[in-house]
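# Topology and contacts: notes
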Amino acid sequence: MTTRSDIEKMILRVAMQDRAAFEALYAATSAKLFGIILRVLKDRAAAQDVLQDVYLRLWQGGASSFRAGRASPITWLATVARNRAIDRLRRDRPATPLDQAPEVADSAKGPEALAIDASDRARINGCLDELEPDRAAAVRGAYLDGDTYADLAARHDVPLNTMRTWLRRSLMSLKDCLTR
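Residues numbered from 1 in each chain as written. Predicted model: local features only at pLDDT ≥ 70, side-chain atom pairs only at ≥ 80, totals over all residues. Heavy atoms only, no water.

On to the packing of aromatic side chains, then. As enumerated under the stated definition, the model contains four aromatic pairs in all. Here the aromatic rings of Y26 and Y55 are separated by 4.8 Å at their centres, their planes lie at 65°, and the arrangement is edge-to-face. Taken together, the positions of Y26 in helix α2 (residues 19-41) and Y55 in helix α3 (residues 44-59) put the pair 29 residues apart, joining distant regions of the chain. By relative accessible area, which is 38% here, Y26 ends up partly exposed. Judged by centre distance (5.1 Å) and plane angle (55°), the ring pair of F66 and W76 falls under tilted. One end of the pair, F66, is in the loop between α3 and α4 (73-92); the other, W76, is in helix α4, and ten residues separate them in sequence. Overall, the relative accessible area of 3% leaves F66 in the buried class. Take W76: its relative accessible area is 17%, and that puts it in the buried class. A cation sits over an aromatic face here: R135 above W166, 4.0 Å from the ring centre. (Phe/Tyr/Trp six-rings, centres within 6.5 Å; stacked < 30°, edge-to-face > 60°. Helix = DSSP H or I, 4+ residues; strand = E, 2+ residues; numbered from the N terminus. Buried < 20%, exposed > 50% of the residue type's maximum accessible area, 1.4 Å probe, protein only. Lys NZ or Arg CZ within 6 Å of the ring centre and 35° of its normal.)

Turning next to α4. The end-to-end C-alpha separation of α4 is 29 Å, in line with the 28 Å expected for 20 residues at 1.5 Å each. By the burial criterion, the buried members of α4 are P73, W76, L77, A78, A81, A85, I86 and R88. Of the surrounding secondary structure, the elements contacted by the buried residues of α4 are α1 (4-15), α2 and α3. (Expected span 1.5 Å × (residues − 1). Contact = heavy atoms within 4.5 Å.)

The subject of this paragraph is the packing of α3 against α4. Axis angle and axis distance: for two packed helices, these are the angle between their axes and the distance between the axes, and together they describe the pair. For the pair α3 and α4, interaxial distance at closest approach is 10 Å and the crossing angle is 125°. One finds that α3 runs oblique with respect to α4. Seen from above, α3 lies across α4 with right-handed handedness. Here A46, D49, V50, D53, V54, R57 and L58 of α3 lie close against α4, whose contacting residues are W76, L77, V80, A81, R84, A85 and R88. (Axes fitted to C-alpha atoms, helices over the stretch in contact; angles between N-to-C directions. Parallel < 35°, antiparallel > 145°, perpendicular 65-115°, else oblique. Left-handed = near helix turned anticlockwise from the far one by under 90°.)

Positionally, R88 belongs in helix α4. A polar contact is formed between the side chain of R88 and the side chain of D92, at a distance of 2.6 Å. Excluding residues that lie within four positions of it along the chain, R88 makes contacts with L41, A46, D49 and V50. (Polar contact = N/O pair within 3.5 Å; in protein donor to acceptor, adjacent residues only side chain to side chain.)

Moving on, we get to helix α6 (residues 133-143). In an α-helix there are 3.6 residues to a turn, and that puts residues three or four apart on one side. Listed in full, the buried residues belonging to α6 are A136, A138, V139, G141 and A142. Lining the buried residues of α6 we find α5 (111-130), α7 (149-156) and α8 (160-179).

What follows concerns unusual backbone geometry. In this structure, Q17 takes a positive phi of about 65° despite not being glycine. What makes Q17 partly exposed here is its relative accessible area of 40%. Positive phi values are uncommon outside glycine, yet D157 reaches one of about 55°. Positionally, D157 belongs in the loop between α7 and α8.

A complete count under the given rule lists one disulfide for this structure. Paired by a disulfide, C127 and C177 hold their sulfur atoms 2.0 Å apart. A torsion of -80° about the S-S bond marks the disulfide between C127 and C177 as left-handed. Taken together, the residues C127 in helix α5 and C177 in helix α8 connect sequence positions 50 residues apart. Of the two residues examined, C127 and C177, each falls in the buried class. (Disulfide = S-S within 2.5 Å.)

Set out below in structure tokens:
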């Protein structure tokens, strides 16, 4: 049974180009790493290629990036293998040709919706014009510009509760006007 310490030592020796350590590391970890890669790729041949690539990278200097004591060596190896498998998936993902891509609906409103909006806007503006000018300005400020009741009360030089009353009564008048 290979221990965590054994695998750490093997990785560190692989970083120094020790062939015997490389063979031992492969024998101790390749089955687990192959399983991880196969789960990601779901293709045996591709998984074998990625596994070979993982060990090749370890031999060519990747093992030197391992820091003993930071993480479990098998977890580190599994992460390297998983990341290589994901890279392979991304690389091999077939791009959909533009002529086969589904059409995206235009989010802009059509002519009918624009005409209805214009009609509604005209009705609302007509009803706002029926209100006293200061009440209409308060409604526009509160509901179109986002002004607070306190800001509107200060601007129109009325108490806060009076502004609330203006707005409530103005909305009732607008509702009556729009239902005619």
